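Here is what each chain is made of, one letter per residue.
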Amino acid sequence: MPLRDRSVPHIPASNGNCKSYFSDVDLDGPGRSVGFLYIPQSPDHDAWGTVRIPLAVVANGTGPTVIVEAGNHGDEYEGQIIVGELIRSLAPSQVQGRLILVPSVNIPASTAGKRTSPDDGLNLNRVFPGDHAGSITQQIAAFFSDELLSRADAFLSLHSGGSSLDIVPSALVQPAQDPLQQQRNLDAVLAFGASINVQLNNLGDTRTCVASAVAAGLTCVSTEMAGRGTVDRDALALCRRGVFNVLQHWGVLDSGLDLPRPEARTLHRVLGPQSYIIAGEDGVFEGLHHPGEPVCAGETAGRIHFLTDPRKPPVVLTYTADGIVFARRQPGRVRPGNVCAVVATPDS
Ligand SMILES: [Zn+2]
């Protein structure tokens, strides 16, 4: 069964007549092509400059086209390391089809170690399908949509929790309306081999890279690999193994590689707003559970303390869904609207 339903139309970026990028990577040729995408920019310090984004293609024979992307958020490191390893190590003879490898797609954010771009303040994962006439982050999304997603059958997007969250290392299902596509997504997520698999839709936000890819009919897997703005040893090992598992599952990597087979795994869901513990006060959040711990609706999630007025007792926050703590806020300081924790509920 094909990994992409080609009857679903490509979702183009805005202002397709304003493309100004160029690349020394041959997206459509055979063999290895390793280089960069260049997007012209003209800031104060570089009048005729470019933003240079690492890019590689490894192609051989016939088979699916698969994108492996990381560094969408610059402070999420495991995926960026693993895709770099793939670029350095993969030979065309190991590939059946085409692998498009983008290790640090938001290179301005990656260089700064930040979630969002220091150049325009935008979150790459909230501007898809992008705008060729927009700011640098919108232009990166537009290139990704029109040059990469348009070519691909399947998409593996590697995220971690970043500086503000600590997340249970896991593979994620972005919901698809087509039941066949939903099953392809779920099968691939289970093939990743994480002990926790979670379905969530970012509270319905359609501007993410994966939501855009799913809407265009691609088979998709994304991940969350720990976080805290660090590189987690165990998450890195899981990510390395899981990427190979999924690429073998999709048939784009040689199945002769000696890898552990994933066991049967369960699915959790982030149900909706009731799964989010959101601060209503300015203060310091004391969470009572670590990521992965089981919790119940009605149970105390934590307290917000008011350090500037010790006369004021802390405000208690409670869970409103059963499940496990899937993600927990990393910095102690919170303001109204900050997410302190997210619960994932096991599928019944
Ligand atoms: Zn991310």
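Scroll up a little and you will see the structure.
Residues numbered from 1 in each chain as written. Predicted model: local features only at pLDDT ≥ 70, side-chain atom pairs only at ≥ 80, totals over all residues. Heavy atoms only, no water.

A. Broad picture of the pairing of strand β7 (residues 165–173). Of all 9 residues in β7, 7 are buried; the element is thus mostly enclosed. In this structure, β7 lies alongside strand β8 (residues 197–199), joined through 3 bridges in parallel fashion. Across the sheet, alanine 171 pairs through a bridge with asparagine 197, a residue of β8. (Buried < 20%, exposed > 50% of the residue type's maximum accessible area, 1.4 Å probe, protein only. Helix = DSSP H or I, 4+ residues; strand = E, 2+ residues; numbered from the N terminus. Pairing = 2+ DSSP bridges.)

B. Spotlight on the pattern of salt bridges. Here the structure, examined in full by the defined rule, presents 16 salt bridges. The residue aspartate 28 makes a salt bridge to arginine 98 at a minimum N-O spacing of 2.7 Å. Here aspartate 28 is found in the loop between β1 (22–23) and β2 (31–41), whereas its partner arginine 98 is found in strand β5 (residues 97–102), with 70 residues between them in sequence. Overall, the relative accessible area of 14% leaves arginine 98 in the buried class. Notably, a salt bridge pairs arginine 303 with glutamate 286, separated by 3.0 Å at the nearest N-O pair. You can see arginine 303 sitting in strand β14 (residues 300–305) and its partner glutamate 286 sitting in strand β12 (residues 283–287), a full 17 residues away along the chain. Classification of glutamate 286 as partly exposed rests on a relative accessible area of 27%. Three or more residues are tied together by salt bridges with common partners; here these are Lys19, Asp28, Arg98, Glu147 and Arg151. (Salt bridge = Lys/Arg side-chain N within 4 Å of Asp/Glu carboxyl O.)

C. Local environment of unusual backbone geometry. Geometrically, the link from phenylalanine 128 to proline 129 is a cis peptide bond, its omega value of 10° lying close to zero. For asparagine 15, which is not glycine, the phi torsion reads 55° and is therefore positive. The exposure class of asparagine 15 is partly exposed, given its relative accessible area of 37%. Unlike most non-glycine residues, leucine 203 shows phi in positive territory, near 55°.

D. Quick peek at the sheet that holds β12. If you trace the 4 strands from one edge of the open sheet to the other, you get β15-β14-β12-β17, paired in antiparallel fashion. Single-partner strands in this sheet number two, and they are β15 (315–318) and β17 (333–334). As paired strands, β14 and β15 are joined by 4 bridges and run antiparallel to one another. Directly across from threonine 300, in β15, lies its bridge partner threonine 318.

E. Inspection of the pairing of β12 at higher detail. In the sheet, β12 pairs with β17 via 2 bridges, with the strands oriented antiparallel. If you follow valine 284 over to β17, its bridge partner there is arginine 333. Pairing between β12 and β14: 4 bridges, direction antiparallel. By the bridge assignment, glycine 287 is partnered in β14 with glycine 302.

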